[in-house]
Each structure stands twice: as C-alpha cells, then as structure tokens.
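# Descriptive structure summary
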Amino acid sequence: MFLRHVIVFSFIALLAGCAGFGARESVEGHGSPAQWAANKQQLTGLDGWQIDGKIGIRAPKDSGSGTLFWLQRQDYYDIRLSGPLGRGAARLTGRPGKVSLEVANQGRYDSESPESLLEEQLGWKLPVSNLAWWVRGLPAPSSKSRLTLDNDSRLANLEQDGWQVEYLSYAEQNGYWLPERIKLHGTDLDVTLVIKTWQPRKLGQ
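- As recorded in an unreviewed UniProt entry, the protein goes by the name Outer-membrane lipoprotein LolB, listed as coming from Pseudomonas koreensis.
- Per UniProt, the comment on the protein under Sequence similarities (unreviewed entry) is "Belongs to the LolB family."

Below is the structure:
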C-alpha cells in the first residue's frame, strides 16, 4: 500500500512539474499547438550548425552592418563579426563558463559570461545565451516566453527577457525549416540578422 501511494504521489509530482514547465511558454496565433510541439522537438535536437550571413546593429553609440559567421558545435560556439560595425571585426568564442572576445586593434578579453563581455567591450546589451535558441526559431528554456505562431506553426513573434524577436521568413535546409530573416528589438539595441546559408548538423547522436 505504501509503495502504491509513493507511485501515485510521484506521478502527480511529475505531472505538476510538466505543467509548470509548460506554463513558462504562452502560445497564441494561428498555428497548431501540436504541430508547434513537433517542430520544437525537432529543432531542439539540432545542436550543430554553420551560418553565413549579414548583421545590422543599431545602438546609441554604434550603428552599422557587417558579415556574420557562426559555427556551433553543441555547447561550443565561434561567432565572428566583420565589416563597418563601428568597432571593427570581433570574434566571440567559448562555451558556458569560459568565453573569449577578440576585437580588432584592441586585444583579447576573457570572462565567464558572453553578455558581460559584449557590454563591457562593445557596449551592446545582447542576450548571447538566448541567441542559440532564437536563431533556430525557439524560445530559450531558461525563462518565461510569449509566442505567436504563423500559419505553418512556426514562430512569427517571440517576447522574452525584455526582447521582441520577429521572424520575417524561413528557409528549408536538410529537412529543417530555419529562420532566414530575424529582427531583434531590445533596450537601446536593435539587431537584424539575414542568414544567407544554413548548414545544420545534429551532433549529439
């Protein structure tokens, strides 16, 4: 009898945990929640990619555009920005807890947080840790989010951590529908991403 009660209690606790996780994500729009769940599961499993494209930055002190290269291998990333971005070329590399930023004609800086590095050295308050999710068309799982789905049950708009993310177009690559044009609106910072080529890879199998 005791064992039966333990099993029932554990099952209720599991359901409560799942309900709590789901409550972190508010979904609206014209898409199908079931199809969105399937899309989300597929994209979450995508843990490697190479992106080539363009980036535009609008900030109080820096505005401009340049090229973007992003290599992701599970939790390791190598993000390179070049072109007339006000500060010159920059390269951000690392993994959680250990990050390096190299800025042309300035030097190399190390930190545990990519957000603090960019803010200290470039003056950009950019949620780098969320970008690995947002660039795939996913909300970051670490905080509450509000989603609007398009007719294809993909993200059209995302509100999270004080940011608004607009998904303007998608492209199909190797069986994945991935964002092609993204606009990010934050406090004193607007970012536009135009992804010319996606090379998705599922590494964790």
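### Regarding the sheet that holds strand β1 (residues 25-29)
- If you walk across this open sheet you meet the twelve strands as β1-β8-β9-β10-β11-β12-β2-β3-β4-β5-β6-β7, and the pairing is mixed. Where the open sheet ends on each side, the last strands, each with one partner, are β1 and β7 (107-111). For this sheet, the mean angle separating the axes of adjacent strands, direction not counted, is 20°.
- Where strand β2 (residues 48-58) and strand β3 (residues 63-73) come together, eleven bridges link them in antiparallel fashion. Bridge pairing in β3 places isoleucine 51 opposite tryptophan 70.
- Against the sheet, helix α2 (residues 33-44) contacts β1, β8 (145-149), β9 (155-160) and β11 (176-186), and its axis sits at roughly 95° relative to β11.

### Let's talk about the pairing of β2
- Between β2 and β3, which follow one another and run antiparallel, lie four residues.
- Sheet topology note: the β2/strand β12 (residues 189-201) ladder contains eleven bridges and is antiparallel. Each bridged residue has a counterpart across the sheet, and for isoleucine 55 the counterpart in β12 is leucine 193.

### Section: the packing of aromatic side chains
- Counted according to the given criterion, the structure contains four aromatic pairs.
- Considering the side-chain rings of tryptophan 134 and tryptophan 163, the 6.3 Å spacing of their centres and the 50° angle between planes classify their relative orientation as tilted. With tryptophan 134 in helix α4 (residues 128-134) and tryptophan 163 in strand β10 (residues 163-173), the pair connects residues that are 29 residues apart, well separated along the chain.
- With relative accessibility at 1%, the residue tryptophan 134 sits in the buried group.
- Ring centres of tyrosine 167 and tyrosine 170 lie 6.1 Å apart, and the angle between their planes is 20°; on these two criteria the pair is classed as stacked.
- We classify tyrosine 167 as buried; its relative accessible area is 7%.

### Quick word on the pairing of strand β6 (residues 98-103)
- Two elements, strand β5 (residues 90-95) and β6, share six bridges in a ladder whose sense is antiparallel. The residue bridging glycine 94 from the neighbouring strand is valine 99, located in β6.
- Two successive antiparallel strands, β5 and β6, enclose a turn made up of two residues, where glycine 97 displays a positive phi of approximately 95°.
- Two strands pair when backbone bridges link them, and β6 and β7 are joined in this way by five bridges, in the antiparallel orientation. Following the sheet pairing, valine 103 is matched in β7 by glycine 107.
- In this structure, the hairpin formed by β6 and β7 is closed by a connection of three residues, where asparagine 105 is found at a positive phi of approximately 65°.

### Some details on the environment of leucine 68
- Checked against the element boundaries, leucine 68 lands in strand β3.
- A relative accessible area of 7% means that leucine 68 is categorised as buried.
- Each C-alpha atom, one on leucine 68 and one on leucine 81, is 5.0 Å from the other, the two residues being 13 residues apart in sequence.
- Setting aside its immediate chain neighbours within four residues, leucine 68 contacts Ile51, Asp52, Gly53, Lys54, Ile55, Ile79, Arg80, Leu81 and Leu193.

### A closer look at the pattern of salt bridges
- By the definition in use, this model includes seven salt bridges.
- As a salt-bridge pair, aspartate 75 and arginine 95 come within 3.5 Å of each other at their nearest N and O atoms. Remark: arginine 95 occurs in strand β5 and aspartate 75 occurs in the loop between β3 and β4 (76-82); sequence separation between them is 20 residues.
- Owing to a relative accessible area of 39%, arginine 95 belongs among the partly exposed residues under this scheme.
- Across the pair aspartate 78 and arginine 91 runs a salt bridge, and its minimum N-O distance is 2.8 Å. Here the residue aspartate 78 occupies a position in strand β4, and arginine 91 occupies one in strand β5, the gap between them amounting to 13 residues.

Cut-offs used in this document
- Residues numbered from 1 in each chain as written.
- Predicted model: local features only at pLDDT ≥ 70, side-chain atom pairs only at ≥ 80, totals over all residues.
- Heavy atoms only, no water.
- UniProt positions renumbered as here; feature names shortened; annotations may be inferred.
- Pairing = 2+ DSSP bridges.
- Helix = DSSP H or I, 4+ residues; strand = E, 2+ residues; numbered from the N terminus.
- Axes fitted to C-alpha atoms, helices over the stretch in contact; angles between N-to-C directions.
- Contact = heavy atoms within 4.5 Å.
- Phe/Tyr/Trp six-rings, centres within 6.5 Å; stacked < 30°, edge-to-face > 60°.
- Buried < 20%, exposed > 50% of the residue type's maximum accessible area, 1.4 Å probe, protein only.
- Salt bridge = Lys/Arg side-chain N within 4 Å of Asp/Glu carboxyl O.

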